Amino acid sequence: MDRRQRIAIVGAGLGGLAVAGFLQRAGFAATVYEQAPTFSRIGAGIILSANVTKALRRLGIEQDLVASGLKPHCYISRAWDTGETLYEIIFDASSEARFGGPYLNIHRGDLHAVMHGAVTPGSISFNHRLVGLEELSGAIRLVFDNGVKVDADIVIGADGINSKVREFVVDAEPPRFVGAVAHRAIFPTQRLRGFKIPDCTKWWGRDRHILPYFMTSRRDEIYVIGVVPASKWESDAPSVPGSREELINCFANFHNDLLRVLEAAEDVSVWPIFDRERNDCWSRGRAVLLGDACHPMRPFMAAGGAMAVEDAAILTRCLATIDAAAEAFRCYEATRIPRVSEVQRISIENSWMRGPTDVDWFYRYDSCVAPLTQPNATEMKRRRAQ
Ligand SMILES: Cc1cc2nc3c(=O)[nH]c(=O)nc-3n(C[C@H](O)[C@H](O)[C@H](O)COP(=O)(O)OP(=O)(O)OC[C@H]3O[C@@H](n4cnc5c(N)ncnc54)[C@H](O)[C@@H]3O)c2cc1C
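Let me sum up the structure you'll find in this document. (Residues numbered from 1 in each chain as written. Predicted model: local features only at pLDDT ≥ 70, side-chain atom pairs only at ≥ 80, totals over all residues. Heavy atoms only, no water.)

1. Let's talk about the nonpolar core
Of all hydrophobic cores here, the largest spans 106 residues; its most connected members are Ile9, Leu142, Ile156, Leu319 and Tyr363. The element contributing the most residues to this core is helix H9 (residues 304–321), with nine residues. Per-domain counts for this core show at least three residues from each of domain 1 (7–41 + 112–174 + 277–385) and domain 2 (177–275). Leu142 has contacts with Ala8, Val10, Leu130, Gly132, Leu133, Val148, Lys149, Val150, Ala152 and Val155, leaving out every residue within four places of it along the chain. (Core = buried A, V, L, I, M, F, W, Y, C linked by side-chain atoms within 4.5 Å. Buried < 20%, exposed > 50% of the residue type's maximum accessible area, 1.4 Å probe, protein only. Helix = DSSP H or I, 4+ residues; strand = E, 2+ residues; numbered from the N terminus. Domains from an automatic or database assignment. Contact = heavy atoms within 4.5 Å.)

Dropping the structure here:
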């Protein structure tokens, strides 16, 4: 595609920053519009598996990610009551060679800061909340809440689960509450008073699970995310304050090794979990979606961010190698939808690494070189007729 095409990216989250970085490296002058006034260090951890770190390597940030995060020695699944090890994976030089990249735990704020460095300075406009899109002849117009209007050839909606671009592409249906909330906390490791824990453990209960893990190689802070059923969510806020007592109550029958950690927790907050039903419509006209904007998923496989980064790599390759945007979008959708929908399915099932698991198909995948899938002719005809 002609590198002079004006590409506007809405949202500077993981997907938006990744696609900006990939497109700019491919020679496009992509610009990002973000509603927030600046990046803030939101308190939570995130797991980056090898399929993500090897994609981010192409943005030249792998070493910075490793320096900011932790290469965990292992991930362990344990039974809530007996503490029996159900599954364990060791991460070392040989697993890194096998998967083609490191597995990392990292603070989201640190991840954002590193990814920001992969984008051309000055190419992100903060304080720009998209409020509307208008089709013009030969362009698409972005309308922002600050009165700014921008005309572009292509709009990439990387604006998360409540995407405004999705309203233009699909509909304005709100996301669905999945009937679960996440209790999250970050606290200093010294509060464990010498009690040692592995780098990452997932404790599996009947209807709930919880993961304590370290986010930096100093191992001086622990992040805990515990997911429990909830019949409703009534707040408009992204999260509400929680408490150590409430957290302990939710996992009161769990093994003592976990309770020792929860007794040290502080600064607990409670977050609703939303997703959407699978919908394979990811583009319309000059607008295309990626990440949570088109496939928000339950965070039970720790893979939503990973899918956004892979989307970014594949979309860039399609735009870089295919002349017409519509054909590039079809190729992007045909390549991504089978893999993403499998990850969505496993996330709903909450079965990833619960017991013996084939992880190769997921970790070894390289979105920067994996074959692109040509859409079939029937699908092309159907979409052209829309
Ligand atoms: C509890 C929890 C734990 C998770 N753990 C993991 C994990 O360990 N590993 C993993 O890979 N994934 C994890 N995920 C999933 C992951 O966080 C998301 O899938 C990922 O953040 C999606 O990236 P995105 O860029 O699509 O959207 P987001 O990261 O949500 O970014 C969207 C951006 O768009 C901006 N925006 C929104 N609307 C507008 C607008 N109208 N105008 C301008 N800007 C706008 C937002 O401010 C934001 O910056 C987890 C999710 C949750 C809820």
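2. Describing the side chain of Asn350
By secondary structure assignment, the location of Asn350 is in the loop between helix H10 (325–349) and helix H11 (360–363). Apart from residues no more than four positions distant in its own chain, Asn350 is found in contact with Lys202, Trp204, His209 and Phe300.

3. Observations regarding the packing of H9 against H10
Viewed as axis vectors pointing N to C, H9 and H10 meet at an angle of 160°, and their least axial separation amounts to 9 Å. Relative to H10, the element H9 is oriented roughly antiparallel. Of the two elements, H9 crosses H10, and the hand of that crossing is right-handed. Contacts from Met307, Glu310, Asp311, Ile314, Leu315, Cys318 and Leu319 in H9 reach Ala328, Phe329, Cys331, Tyr332, Thr335, Arg336, Arg339, Val340 and Val343 in H10. Considering only residue class, the contact of H9 with H10 consists of 11 nonpolar, one polar and four charged. (Axes fitted to C-alpha atoms, helices over the stretch in contact; angles between N-to-C directions. Parallel < 35°, antiparallel > 145°, perpendicular 65-115°, else oblique. Left-handed = near helix turned anticlockwise from the far one by under 90°. Nonpolar A, V, L, I, M, F, W, Y, C, P; charged D, E, K, R; others polar.)

4. Observations concerning the site of the ligand
Residues in close proximity to the ligand total 30 residues, the closest being Gly15, Glu34, Arg108, Leu130 and Asp292. Gln35 is positioned such that a nitrogen or oxygen atom in its side chain is 3.1 Å from an oxygen atom of the ligand. Asp292 places a polar side-chain atom, nitrogen or oxygen, 2.8 Å from an oxygen atom of the ligand. Notes on the ligand: free accessible area 1,000 Å², of which the protein chains cover 83%. Those elements that provide at least two residues to the shell around the ligand are helix H1 (14–25), strand E3 (45–48) and H9. Examining the composition of the shell around the ligand, we find that four residues originate from one element, H9, more than from any other. For the shell around the ligand, the class distribution of residues is 14 nonpolar, nine polar and seven charged. (Near = heavy atom within 4 Å. Polar contact = N/O pair within 3.5 Å; in protein donor to acceptor, adjacent residues only side chain to side chain. Areas by Shrake-Rupley, 256 points an atom, 1.4 Å probe, with all protein chains shown as cover.)

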